[in-house]
Amino acid sequence: MKSNVLLISPVNRQEWKDLTSLLKKDGFNVLRLRSAKEAYEALRAERAKVIVTEYELPDAAGLEFLSSAKSMTANVEVVFLSEKASLAVAIEAMKAGAYDFYEIPVSSQLLVAVVEKAAEKNSLLLENTELERKVKEKYGLKKIIGRSKAIKNVMDVVSSITKKNVNVLLTGPTGTGKEMIANAIHFNSLRSSGPFIMANCAAYNEGIIESELFGHEKGAFTGAVTRREGRFELADKGTIFLDEVGDTPMSTQIKLLRVLQEKEFERVGGNSTINVDVRVIAATNRNLKDLVDEGKFREDLYYRLNVVHIDIPPLNERMDDIPLLVSHFIAKLNEEKGYGIKGISSDTINMLMNYRWPGNVRELENAIESAMALTENDVIECRFLPSFLLMQTPAESEFYQVPRSMTLGEMEMEIIKLALEKTEGNRTAAARQLGIGLRTLQRKLKDMALRFGDVA
């Protein structure tokens, strides 16, 4: 059976018999009813997709019935029939949400075609509702895994800006989850029903990127055999995610700036101005301020993108989150690939937490996927981890091995040097990793420079 159709009429007309017969032949499950009350009972029990009803029912006026039916099953489509209703009444019903309105007598074959289209529309609405639910579940804020202070700070900022129509700049090393954060911002925003369009600025050469972002007209260049809409045009009323925005050529940056400032652009080879309403989320693993200072990135574009800045910490600054992330990846891969992994040994977790993870969260997920594919039982053990983890040297470990001959001052100096090495000389990040204030670190470095020579 395709779906339930309710036919409602207080009069037993021949047309209803013919319509019932034709709908059943077409695969519909038809319920013949005589009143609004019977329809409400059927809606509670059956959740019909389509109702074909006379406008004048003995126990409910047309608009009253429409409102009640929609309140019980929002996606139900209602087709009204009437012998005496005016055009004004029909228009009012359509504005109130009726699918269609016909004057009696009407062809049964026509009504079958109308019911089919109404049922198809209902199915698409239900599919879209379910898809929207799954997307929001996938990209919900709860999917940002972690309880470390570093990731909680990120979640707090994301939560505060999702409903605000501001541009966002995401920074952080490759593999930290910038794309996931961008999805979370969009699908929890007021633009969530609009498109989410991605563009990797590092993936296009200088001759292609403008066409990708802004589209082109037919004949704009060799090979442009048809007109093409660009990603900004496709993202209208939604969000565009500009990944690796730091790799955008200077010539394209001028056009990007215009879109952000004026909300308009022209396709390559075109003269018509196109207006768009787009929220921009940009991401980069490069330091845009340094690129500005080097003359490789426009300062005015930088400030347009950097309305809200979210710096996503590398995994080695949120090591406490590794057990949670591992648990999440095991559950996710069990569902996606049909694995039956129940857990991971404590020794294996210790080994995972004893590694620096230069590839960040993405590298961790790949390691777990590899281990799950190789595991011979339902618990991941150390021997199933990738070889780079099994072969790591003490220098790669998160745990510092203290030589017996060191003084306390020398030990402190070595630990600070390790922290500066891990953060590539970033004193703010090193202080955060060491759990001390930046001024304290600077004072210690000055003292050590006097005692042992320059440390940094």
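Here, every reference points to the structure presented above.
Residues numbered from 1 in each chain as written. Predicted model: local features only at pLDDT ≥ 70, side-chain atom pairs only at ≥ 80, totals over all residues. Heavy atoms only, no water.

## Side note on the packing of helix α2 (residues 36-46) against helix α3 (residues 62-72)
Logical step 1: The interhelical angle for the contact between α2 and α3, taken along N-to-C directions, is 10°, at an axis separation of 10 Å. As summarised for this structure, α2 and α3 are arranged roughly parallel, according to the angle between their axes. Note on packing geometry: the crossing formed by α2 with α3 is right-handed. On the side of α2, the interface is formed by Ala-36, Ala-39, Tyr-40, Leu-43 and Arg-44, while α3 contributes Glu-64, Phe-65, Ser-68, Ala-69 and Met-72.
Logical step 2: Among the residues making up the contact of α2 with α3, the classes are represented as seven nonpolar, one polar and two charged. (Axes fitted to C-alpha atoms, helices over the stretch in contact; angles between N-to-C directions. Helix = DSSP H or I, 4+ residues; strand = E, 2+ residues; numbered from the N terminus. Parallel < 35°, antiparallel > 145°, perpendicular 65-115°, else oblique. Left-handed = near helix turned anticlockwise from the far one by under 90°. Contact = heavy atoms within 4.5 Å. Nonpolar A, V, L, I, M, F, W, Y, C, P; charged D, E, K, R; others polar.)

## Thoughts on the nonpolar core
Logical step 1: Ranked by internal contacts, the top residues of the largest apolar core, which has 30 residues, are Leu-213, Phe-232, Leu-242, Phe-297 and Leu-305.
Logical step 2: Among the secondary structure elements, those contributing two or more residues to this core are β7 (196-200), α8 (209-214), β10 (239-243), α10 (250-262), β13 (279-284), α11 (288-293) and α12 (299-305).
Logical step 3: It is α10 that contributes the most residues to this core, four residues altogether.
Logical step 4: Apart from residues no more than four positions distant in its own chain, Phe-297 is found in contact with Val-245, Gly-246, Met-250, Gln-253, Leu-288, Leu-291, Val-292, Tyr-302 and Leu-305.
Logical step 5: Of all hydrophobic cores here, the second largest spans 24 residues; its members include Leu-325, Leu-364, Phe-384 and Leu-389. (Core = buried A, V, L, I, M, F, W, Y, C linked by side-chain atoms within 4.5 Å. Buried < 20%, exposed > 50% of the residue type's maximum accessible area, 1.4 Å probe, protein only.)

## Considerations on the pairing of β10
Logical step 1: With five of its five residues buried, β10 lies for the most part within the structure.
Logical step 2: Residues Thr-239, Phe-241 and Asp-243 line one face of β10 and the alternating positions Ile-240 and Leu-242 line the opposite face, and both faces are buried.
Logical step 3: Alignment of β10 against β13, held across four bridges, turns out to be parallel. Pairing of Phe-241 across the sheet is with Ile-281, part of β13. (Pairing = 2+ DSSP bridges.)

## Notes on empty space enclosed by the protein
Logical step 1: Applying the stated criterion to the full structure yields two cavities of 30 Å³ or more.
Logical step 2: By volume, the largest cavity is sized at about 90 Å³.
Logical step 3: What lines the largest cavity is Arg-13, Glu-15, Trp-16, Leu-19, Leu-81, Ile-104, Pro-105, Val-106, Ser-108 and Leu-111.
Logical step 4: The set of elements that each furnish at least two residues to the lining of the largest cavity consists of α1 (14-25) and α5 (108-138).
Logical step 5: With three residues, α1 is the single largest residue contributor to the lining of the largest cavity.
Logical step 6: By residue class, the composition of the lining of the largest cavity is seven nonpolar, one polar and two charged.
Logical step 7: Looking at the second largest cavity, its volume works out to about 30 Å³. (1 Å grid on protein atoms, 1.4 Å probe; cavity = no way out; pocket = protein on both sides within 12 Å on 5 of 7 lines; lining within 4 Å. Points joined across faces, edges and corners; volume = space filled by probe spheres on them.)

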